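Fold and contact review
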Amino acid sequence: MLDAILNELKLDAAVITDPYNMRHVSGFRGGEGALYVSRTQKVLITDSRYTEQAARESGFTIVEEHREHKREQILAECMKKENNAGAFAMGYEDESLLCAQFDRLKDALRVEKWVPLKDKVDSLRVIKTEEELSYLAKAEEIGDRAFAKLLPLLKPGMTELEAAAELEYLMKKEGAEDLSFNTIVASGLNSSMPHAIPSDKKMEEGDFVTFDFGCKYKGYCSDMTRTVVLGKASEKQKEIYNVVLKAQLASLDALRAGVSGSSVDKVARDIITEAGYGEYFGHGLGHSVGLFIHENPRLSPTDDTILQPGTIETVEPGIYVPGFGGVRIEDMVVVTEDGCINFAHSPKELIEIPVE
Ligand code: GLY
Ligand code: MN
Ligand code: MN
């Protein structure tokens, strides 16, 4: 696969530094270091904290970097072995490499042509293998189990931070190795902020409470959102919730291989707009997920990528009304030839948490 990229871009070699791409290409999970990849060499450069782990996890040749044998020097040694006669063309990860790191490479290496890899290496991660899909399904299932155990603990007076801590603890207890992203718990007026940071605000009777959470299983992320009401929902809360639910179910129905991400986004956006809430749905409908939480392709008005079987997408419409509150419902699914398989199984009808 990487050879195809080397050929397409007419590269002699490429340096891969994005931790998720390093992991996907080499198997090394440590995330620190760099890969040198050419047609004849597959070298993993890392430091003494990771060399034993790297040798266990990766079939690449491991070279240790340290003060007397710096990364740039090791890369130069790799380049020398290529017996390259003409101008050396080297790929680099322009989307993630820091300017300072790129400057160091440019200063140290005799490369005539630096070629940005753009999203070429990332794109190798779009279609998941059966094994990857099983890890993603398991991660989402851990989220489902943790959320079910959280619901009976919710009550007025509990702070958003306490609820987030409980959810994170429950996910770890259920087998999560890490979080996919910082857990969002947004209650009452805070719920109109799609990515609110949990605070010491106490949840109150009548609040919408949005939980957006995810965990990692064998490195792969889950992502799910549910919005509940503490106590009985008002008519307005029910109306908004049902518009979001209708948009979510219709876009899940429209999602299949062969359609564009933008067309699926439009299904949800049209429903929300027709209900009069278009201006309150600012973000895209969804994104792909894998080793990283936000991957391409997106379900968004600006992504016309045609979806392929084996691609993961989240489907997460929302309505956020400042001064009132907000609702988001999010599932994570895998695209198939004739539809999608939903990895999330937490209930989606509006949950009203009993209040004594
Ligand atoms: N909280 C991250 C997401 O749902 O995209
Ligand atoms: Mn989410
Ligand atoms: Mn998401």
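Our subject is the structure that appears above.
Report on the accompanying structure.

About the criteria used
Residues numbered from 1 in each chain as written. Chains lettered and ligands numbered in written order. Predicted model: local features only at pLDDT ≥ 70, side-chain atom pairs only at ≥ 80, totals over all residues. Heavy atoms only, no water. Donors = N, O, S within 2.8 Å, 3.2 Å for Na, K, Ca; no water. Helix = DSSP H or I, 4+ residues; strand = E, 2+ residues; numbered from the N terminus. Buried < 20%, exposed > 50% of the residue type's maximum accessible area, 1.4 Å probe, protein only. Near = heavy atom within 4 Å. Polar contact = N/O pair within 3.5 Å; in protein donor to acceptor, adjacent residues only side chain to side chain. Areas by Shrake-Rupley, 256 points an atom, 1.4 Å probe, with all protein chains shown as cover. Nonpolar A, V, L, I, M, F, W, Y, C, P; charged D, E, K, R; others polar. Salt bridge = Lys/Arg side-chain N within 4 Å of Asp/Glu carboxyl O. Pairing = 2+ DSSP bridges. Axes fitted to C-alpha atoms, helices over the stretch in contact; angles between N-to-C directions. Contact = heavy atoms within 4.5 Å.

**What to know about the coordination of the manganese ion (ligand 2)**
Coordination sphere of the manganese ion (ligand 2), protein contribution only: D212 (OD), D212 (OD), D223 (OD) and E330 (OE), at 2.0 to 2.7 Å. Expressed as a motif, the donor residue spacing for the manganese ion (ligand 2) is D-x10-D-x106-E. Separating the manganese ion (ligand 2) from the manganese ion (ligand 3) is a distance of 3.3 Å, and D223 supplies a donor atom to each of them. In this pair, D212 sits in strand β9 (residues 208–213) while E330 sits in the loop between β17 (325–328) and β18 (331–336), placing the two residues 118 residues apart along the sequence. The pair formed by D212 and E330 is uniform in burial state, with each residue classed as buried.

**Remarks on the site of ligand 1**
As a structural note, the neighbourhood of ligand 1 is formed by F181, I184, H195, D212, D223, H287, H294, E316 and E330. For ligand 1, a nitrogen atom lies 3.3 Å from a polar atom in the side chain of H195. A distance of 2.7 Å is found between an oxygen atom of ligand 1 and a side-chain nitrogen or oxygen belonging to H294. Protein chains shield 96% of the accessible area of ligand 1, which is 200 Å² for the free molecule. Broken down by class, the residue content of the shell around ligand 1 amounts to two nonpolar, three polar and four charged.

**Observations regarding the pattern of salt bridges**
For the coordinates displayed, the defined rule picks out 24 salt bridges. Note that R145 and E174 form a salt bridge whose closest N and O atoms lie 2.5 Å from each other. Placement of R145 in helix α6 (residues 130–150) and of E174 in the loop between α7 (160–173) and β7 (178–179) is noted, with a sequence separation of 29 residues between them. With a relative accessible area of 29%, R145 lands in the partly exposed category. With a closest N to O distance of 2.8 Å, D207 and K201 form a salt bridge.

**Some words on the sheet that holds strand β20 (residues 351–353)**
Pairing is mixed in the open sheet, where four strands are placed in the order β8-β9-β12-β20. Strands with a single pairing partner mark the edges of an open sheet, and in this sheet they are β8 (184–187) and β20. Taken pair by pair, the neighbouring strands of this sheet meet at an average axis angle of 25 degrees, ignoring direction. Bridge count between β8 and β9: four bridges; the pairing is antiparallel. Following the sheet pairing, S187 is matched in β9 by V209. Sitting on the sheet, α7 is in contact with β8 and β9, with an inclination near 145 degrees to β8.

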